[in-house]
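Below are the chains, spelled out letter by letter.
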Amino acid sequence: MVRFLVSTLGVLAASAVTCHARPDRAQLQSCYSASDLATRNGQKDYTHVCSRIASSIFPSAVHYPGSPAYAWLNSHWSASSDQPSACVAEPRSASDVSTILRIIGQTRTPFAIQSGGHATNPGFSSTPGVHISLYSLRSIDYSSTSQTVEIGTGLKWDDVYAALEPQGVSVAGGRVTDVGVGGFALGGGYSWKTNQHGLAIDTVTAFELVKPDGDVVKVTEKCDSELFFGLKGASNNFGIVTKITLKTFSQGPGGFLSFTDPQAIAGLGAATAKFSTKVKDPKASILSTLTYYQGSLSGSAQLFYDGPNPPPGIFDDIMALPSTSADISTRSHLSLILSTPANATYGLRTYFDTVPVVDYSPEFMKLVQDTSVAAGQELASTSFLASSLVAEPFLPTILSHNPSRTAYPFTRSKVYTPFNIIISWANAADDNVIAEVVKKIRNKLSKALVAEGQGDLVDAPLYPNYALYDTPVKRIYGSNLPTLKALKARVDPTNVMGLAGGFKV
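Residues numbered from 1 in each chain as written. Predicted model: local features only at pLDDT ≥ 70, side-chain atom pairs only at ≥ 80, totals over all residues. Heavy atoms only, no water.

Things to note about the UniProt feature "domain: FAD-binding PCMH-type" (unreviewed entry) in the chain
Summarizing the sequence annotation, UniProt attributes the feature "domain: FAD-binding PCMH-type" (unreviewed entry) to residues 81-251 in the numbering used throughout. Helix makes up 23% of residues 81-251 and strand 26%. Its end C-alpha atoms lie 33 Å apart. (UniProt positions renumbered as here; feature names shortened; annotations may be inferred. Helix = DSSP H or I, 4+ residues; strand = E, 2+ residues; numbered from the N terminus.)

Describing the pairing of strand E11 (residues 204-210)
Judged by how many residues are buried, E11 sits mostly within the fold: six of seven residues are covered. The sheet contact formed by E11 and strand E13 (residues 240-247) spans six bridges and is antiparallel. Along E13, the bridge assignment pairs Phe207 with Ile244. Taken together, the four bridges between E11 and strand E12 (residues 216-219) define a ladder with antiparallel strand orientation. Across the sheet, the residue bridging to Phe207 is Val219, located in E12. (Buried < 20%, exposed > 50% of the residue type's maximum accessible area, 1.4 Å probe, protein only. Pairing = 2+ DSSP bridges.)

So, the packing of helix H8 (residues 262-278) against helix H11 (residues 362-378)
Between H8 and H11, the least distance of the axes is 8 Å, while the angle of their chain directions is 140°. With respect to their mutual orientation, H8 and H11 come out oblique. As for how H8 packs across H11, the hand of that crossing is right-handed. Facing H8, whose interface residues are Ile265, Ala266, Gly269, Thr272 and Ala273, H11 presents Pro362, Met365 and Gln369. For the contact of H8 with H11, the per-class residue count stands at five nonpolar, three polar and no charged. (Axes fitted to C-alpha atoms, helices over the stretch in contact; angles between N-to-C directions. Parallel < 35°, antiparallel > 145°, perpendicular 65-115°, else oblique. Left-handed = near helix turned anticlockwise from the far one by under 90°. Contact = heavy atoms within 4.5 Å. Nonpolar A, V, L, I, M, F, W, Y, C, P; charged D, E, K, R; others polar.)

Considering the state of the cysteines
For the coordinates displayed, the defined rule picks out one disulfide. Here Cys50 is linked by a disulfide to Cys87, with a sulfur-sulfur distance of 2.1 Å. Handedness of the Cys50-Cys87 disulfide follows from its S-S torsion of about -90°: it is left-handed. You can see Cys50 sitting in helix H1 (residues 47-56) and its partner Cys87 sitting in strand E5 (residues 87-89), a full 37 residues away along the chain. In this structure, Cys50 and Cys87 share a single accessibility class: buried. (Disulfide = S-S within 2.5 Å.)

Comments concerning the nonpolar core
Core analysis: the biggest nonpolar cluster contains 67 residues, and Ile151, Trp157, Phe207, Phe238 and Ile244 have the highest contact counts within it. For this core, the element with the highest residue contribution is helix H4 (residues 157-164), accounting for five residues. Ile286, Ile314, Tyr351 and Tyr360 belong to the second largest nonpolar core, which has 50 residues in total. (Core = buried A, V, L, I, M, F, W, Y, C linked by side-chain atoms within 4.5 Å.)

Re the sheet that holds strand E4 (residues 62-63)
Sheet strands pair via backbone hydrogen bonds, and the direction of the pair is either parallel or antiparallel. On the basis of which strands lie adjacent, the open sheet formed by four strands has the order E4-E5-E7-E6 and mixed pairing. Each having just a single partner strand, E4 and strand E6 (111-114) make up the two edges of the open sheet. Contacts from helix H3 (residues 94-107) reach E5, E6 and strand E7 (130-133), with the element oriented near 160° to E7.

Quick word on the side chain of Thr350
For Thr350, the location among the structural elements is in strand E19 (residues 349-357). A polar side-chain atom of Thr350 sits 2.9 Å from a polar atom in the side chain of Ser424. Setting aside residues no more than four positions away along its own chain, Thr350 makes contact with Trp77, Ser78, Ser80, Thr120, Thr345, Ile422, Ile423, Ser424 and Trp425. (Polar contact = N/O pair within 3.5 Å; in protein donor to acceptor, adjacent residues only side chain to side chain.)

Quick look at the packing of H1 against H3
Look at H1 against H3: their axes get within 10 Å of each other, and the N-to-C directions meet at 150°. As summarised for this structure, H1 and H3 are arranged roughly antiparallel, according to the angle between their axes. The crossing of H1 and H3 is right-handed. Across from Val49, Arg52, Ile53 and Ser56 in H1, the residues of H3 making contact are Thr99, Ile100, Ile103 and Thr107. Counted by class, the contact of H1 with H3 contains four nonpolar, three polar and one charged residues.

A closer look at helix H14 (residues 481-491)
Because the α-helix completes a turn every 3.6 residues, residues three or four places apart line up on one side. Listed in full, the buried residues belonging to H14 are Leu481, Leu484, Leu487, Lys488 and Val491. Down the axis of H14, the buried set is contained in an arc of 120°. They therefore lie on one face. Among the exposed residues of H14, those oriented more than 90 degrees off its buried face are Pro482 and Ala489. (Arc of directions from axis to C-beta.)

Thoughts on the pattern of salt bridges
A complete count under the given rule lists 19 salt bridges for this structure. The salt bridge partner of Asp306 is Lys193, with a shortest N-O separation of 3.1 Å. Separated by 113 residues along the polypeptide, Asp306 in the loop between strand E17 (296-305) and helix H9 (316-319) and Lys193 in the loop between helix H5 (181-186) and helix H6 (194-197) bring together distant segments of the chain. The exposure class of Lys193 is buried, given its relative accessible area of 0%. One salt bridge in this structure joins Arg412 and Asp202, with 3.0 Å as the shortest N-O distance. Here Arg412, found in the loop between strand E20 (384-391) and strand E21 (417-425), pairs with Asp202, found in the loop between H6 and E11; they are 210 residues apart in sequence, far enough to count as distant. The exposure class assigned to Asp202 is buried, which follows from its relative accessible area of 6%. One salt-bridge network, held together by shared partners, links Glu436, Lys439 and Asp470. (Salt bridge = Lys/Arg side-chain N within 4 Å of Asp/Glu carboxyl O.)

Pasting the structure below:
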């Protein structure tokens, strides 16, 4: 067993739980009712709840407006997700999370749970009440015997890759820099290793969960299989996950290419379509992006091959395109992740949305190119800054690596890959306009795919980590929704988790 501890703002307290372990209730006897919430100027004032949390764990774990820690822990990768909270609670252990969640449930206080802060939907990891930052839950325990790693949900995948690199292994985690462990994994998680091993949730063997009533439990397939199923894709509906145990795998290299020549951009679309239909090597994966910025269209490709050298023909069509920059080499997994330009829009307002795609045709990729330009031109009079439309082709076998059910996707008999729509802008006054254009892009691309013969995508699962905030929950959880609702009634009968944002079952 190799144990790492990524540095935190404070001291991390260790906690051990077993299958049905319960936290020590001796210090949790104080009762906090809704009457504890004062009212100021017609608005709920949650600072009393913040004070009670501080006195129940320790004062330095609660941060208030005006402090640097508050500003940092309350912020997000996308400014559209930011919201001023009454305070930020920074638990150091599952026991702390338990204490906080009990107080929140007893006072019916709105709250948020933030892992890495990469959510783009308003209110999904932000709140006017108590903002719970999992930042200090940063332990990493690697077992070479079981070939698994247990990681805290306050980490980012960059941290995990860095800690595992000396061991010669990695995990099915985020494909770009600065993405948090918790939201990514609990929403499904498409990775560079998905073609070989499935989604991130397909590689999870255990969760440490603080249930809505404050109980701390270890959830596995053998220990509460229904809850294990629910945690695999249903995000924060059943409590707060504080640790995740995943299988580990050997590492592989990759790189990044960018294109500005119009012929190269057109060629990228054709090469992406060809890769999608012709390349069957599960070690190979790509992200193909068209970006409209400052009146110009550019293209980029991220390439990954899980081995020292990709066989001839895998990436040849993409590599042959005239590029303006290239960073391709045999490298560590961490180096690949850090090479991505994902933070170019850090701090801007950003919305994601998604279209499920079975097959990428050259005609569809040409439409993506034209749609990117048209959307940018339509938004020229707003504070629009950039849009990116990202093709993410995967093999049709990715869901075969895990025989068990998962909350997402609700059907595992057919693969629908998550095409990503991204728009960034500066001014909050343009939020609604941007959202409407995002939906227009989604509807236009969906209509084209249906016309091509992919008619069943109108009822296909939508990836919750990309879906826009007003996406019907039926489109995410589909036929699993009745089971998830029944699980919710068992695990959270008083709807504590309904006080937090997200797609609610």
